[in-house]
Amino acid sequence: AINQLQELAQKDYCSMPDYNFKEDHDDNGNPIWTCDCGIKGYDFCFSGTSYSKKEAKKQAAYQMLLYVLEKENGRRK
């Protein structure tokens, strides 16, 4: 999903996604990552949360990709 969003941006379907990370910790001190993914021109920002920073980014990107594709599909009808 991360690569797909980047590819859509390169083909001018949307702007480049912006990823922001926040680190929290569980009761054992393990990091828990939250990643927010937003794209300029779209109303929503999506989040992913995981013990892995990469997985949190994948989750957020996947939700954003679904949203972008749904919006773009609606505009083309």
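Predicted model only: the values in this text are computed from it and were never measured.

1. Quick notes on the pairing of strand S3 (residues 45-50)
With burial as the criterion, only one face of S3 is covered, namely that bearing Phe 46, Gly 48 and Ser 50; the residues Cys 45, Ser 47 and Thr 49 on the opposite face remain uncovered. By the bridge criterion, six bridges tie strand S2 (residues 31-38) to S3 in an arrangement that is antiparallel. Its bridge partner lying in S3, Cys 37 is registered against Phe 46. Where S2 folds back onto S3 in an antiparallel hairpin, the turn is made up of six residues, including Gly 41, whose phi is positive at roughly 95°.

2. Structural notes on the nonpolar core
Judged by nonpolar contacts, the single largest core of 18 residues is most densely connected at Leu 5, Ile 39, Met 64 and Val 68. Elements that contribute at least two residues to this core include exactly helix H1 (2-10), S2 and helix H2 (53-76). Ranked by residues supplied to this core, first place goes to H2 with seven residues. Once residues lying within four places of it in the same chain are set aside, the contact partners of Ile 39 are Leu 5, Cys 14, Ser 15, Pro 17, Met 64 and Val 68.

Conventions used here
Residues numbered from 1 in each chain as written. Predicted model: local features only at pLDDT ≥ 70, side-chain atom pairs only at ≥ 80, totals over all residues. Heavy atoms only, no water. Buried < 20%, exposed > 50% of the residue type's maximum accessible area, 1.4 Å probe, protein only. Helix = DSSP H or I, 4+ residues; strand = E, 2+ residues; numbered from the N terminus. Pairing = 2+ DSSP bridges. Core = buried A, V, L, I, M, F, W, Y, C linked by side-chain atoms within 4.5 Å. Contact = heavy atoms within 4.5 Å.

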